[in-house]
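Geometric and topological summary
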Amino acid sequence: MSSRFAPRPTRTTVRWGEAAVPSGVPRQATAALTRTWQPPYPLDLGLTLGPLRRGPGDPTFRTTPDGSVWRASRTPLGPGTLRVAARGDSVEAEAWGPGAAWLLDGLPALLGATDDPALFTPRHRLVAVTAHRRPGLRLLRTGLVLESLIPSILEQKITTEEAYRAWRLLVRKYGEPAPGPTPAQARMHVMPDPRGWAMIPSWEWHKAGVDNKRSSTILRAVARAGRLEEAASMEPPQARTRLELIPGIGPWTSAETVQRSNGAPDEVTVGDVHLPGIIGHALADNRDANDEDMLALLAPYEGQRHRAARLVLLSGRTPPRRDPKMRKTNIALW
């Protein structure tokens, strides 16, 4: 069959998928700070860290041929770059910049140490088979709210490509180069600090394709950055309540954020264009399922609904495309 008829990835399947991480070759370590950690469970770096990547050109996330995953983050101690690579049963990590120690301290949580898949019991054959085939899946916890909240706001009600483009343009132009010897030609950047986001001129948001509603939501969020970052230490339902106090942040955006910042296994995304149909098709042969139908199908997984949804997405069982692809709107041309 011609490749033009092959199913195209939706924003949902891309966002909850995995990052392709090469098997790896030896690499000489030259980091300012290092840590070796041996996870007491199987670990797949691509599956676990994949949800943090906002498109193949994300300036804050890279994978390299030596099997490494690179992240540039703005931590409470300042910008930092983290490189992690699986070496046998261990994970080797290197970090640079003012936030290096903070990133290394949070390495186990980032790689799923606070996650407990033993609490999950598959209720559908598809879910059970996928869980068996993906033993290295862990739900990550970054401990950082804004770095997941802002790109989630950018993804509201537009195509994946548009959101990724906006994130890439704004971070490269208004962020700062990631510290350390980042991969050659990667142009890795740390996202702007709250003041940096607040200082972006209105026409630059427009040029990046971000409408006034989304840019205003981001500006309201960064004005309360300290209070929002506190949500990373809360229980997920309370964290979502804190985030949704900001006008423009609703259930979809808060769920997308705490899944990453808090490692929330039960916070399933509602209000998504594609997810209910995917869950409905996979578990009940109902591609027209809505949010209510999806939540009913996931009810047996109470406490682990996000993990169940993630496994359904990783199964690859998605309904064939029927509707036209969401139309792109370049507001920079308005």
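Residues numbered from 1 in each chain as written. Predicted model: local features only at pLDDT ≥ 70, side-chain atom pairs only at ≥ 80, totals over all residues. Heavy atoms only, no water.

All right, on to the pattern of salt bridges then. Should the charged atoms of two oppositely charged side chains come close, the side chains can pair. One pass over the full model with this rule turns up 14 salt bridges. When the shortest N-O distance is used, the salt bridge between glutamate 204 and lysine 173 registers 2.9 Å. Here the residue glutamate 204 occupies a position in helix H9 (residues 202–207), and lysine 173 occupies one in helix H7 (residues 160–174), the gap between them amounting to 31 residues. According to the relative accessible area criterion, lysine 173 is partly exposed, its value standing at 48%. Between glutamate 230 and arginine 227 there is a salt bridge, with the nearest N and O atoms lying 3.2 Å from each other. Salt bridges sharing partners connect three or more residues here, namely Lys173, Glu204 and Lys207. (Salt bridge = Lys/Arg side-chain N within 4 Å of Asp/Glu carboxyl O. Helix = DSSP H or I, 4+ residues; strand = E, 2+ residues; numbered from the N terminus. Buried < 20%, exposed > 50% of the residue type's maximum accessible area, 1.4 Å probe, protein only.)

This paragraph deals with the environment of alanine 225. Note that alanine 225 resides in helix H11 (residues 225–229). In this structure alanine 225 touches Leu146 and Pro194, once residues within four positions along its chain are discounted. (Contact = heavy atoms within 4.5 Å.)

Attention shifts here to the nonpolar core. If you look at the biggest cluster of nonpolar residues, it comprises 30 residues, and the most contacted ones within it are Leu149, Trp197 and Leu228. Every element with two or more residues in this core is listed here: helix H6 (146–154), H7, helix H10 (212–223), H11 and helix H12 (236–243). Per-element accounting of this core gives the leading share, 5 residues, to H6. Residues contacting leucine 149, with those up to four places away along its chain left out, are Ala221, Leu228, Ile249, Thr253 and Thr257. (Core = buried A, V, L, I, M, F, W, Y, C linked by side-chain atoms within 4.5 Å.)

Here the focus is empty space enclosed by the protein. Going through the model one piece at a time under the given rule, you end up with 3 cavities of 30 Å³ or more. Empty space within the largest cavity amounts to approximately 150 Å³. Taken together, 16 residues line the largest cavity, and the ones lying closest to its centre are Leu52, Thr60, Arg71, Glu147 and Trp167. Those elements that place two or more of their residues in the lining of the largest cavity are strand S3 (68–75) and H6. The biggest single contributor to the lining of the largest cavity is S3, with 4 residues. Here the residues of the lining of the largest cavity sort into 7 nonpolar, 3 polar and 6 charged. Approximately 100 Å³ is the volume found for the second largest cavity. Along the wall of the second largest cavity there are 10 residues; nearest its centre are Pro51, Gln259, Arg260, His306 and Arg310. Secondary structure elements with two or more residues in the lining of the second largest cavity: helix H13 (251–261) and helix H16 (305–315). The class makeup of the residues in the lining of the second largest cavity is 4 nonpolar, 3 polar and 3 charged. (1 Å grid on protein atoms, 1.4 Å probe; cavity = no way out; pocket = protein on both sides within 12 Å on 5 of 7 lines; lining within 4 Å. Points joined across faces, edges and corners; volume = space filled by probe spheres on them. Nonpolar A, V, L, I, M, F, W, Y, C, P; charged D, E, K, R; others polar.)

On their own, these measurements won't tell you what the molecule is for.
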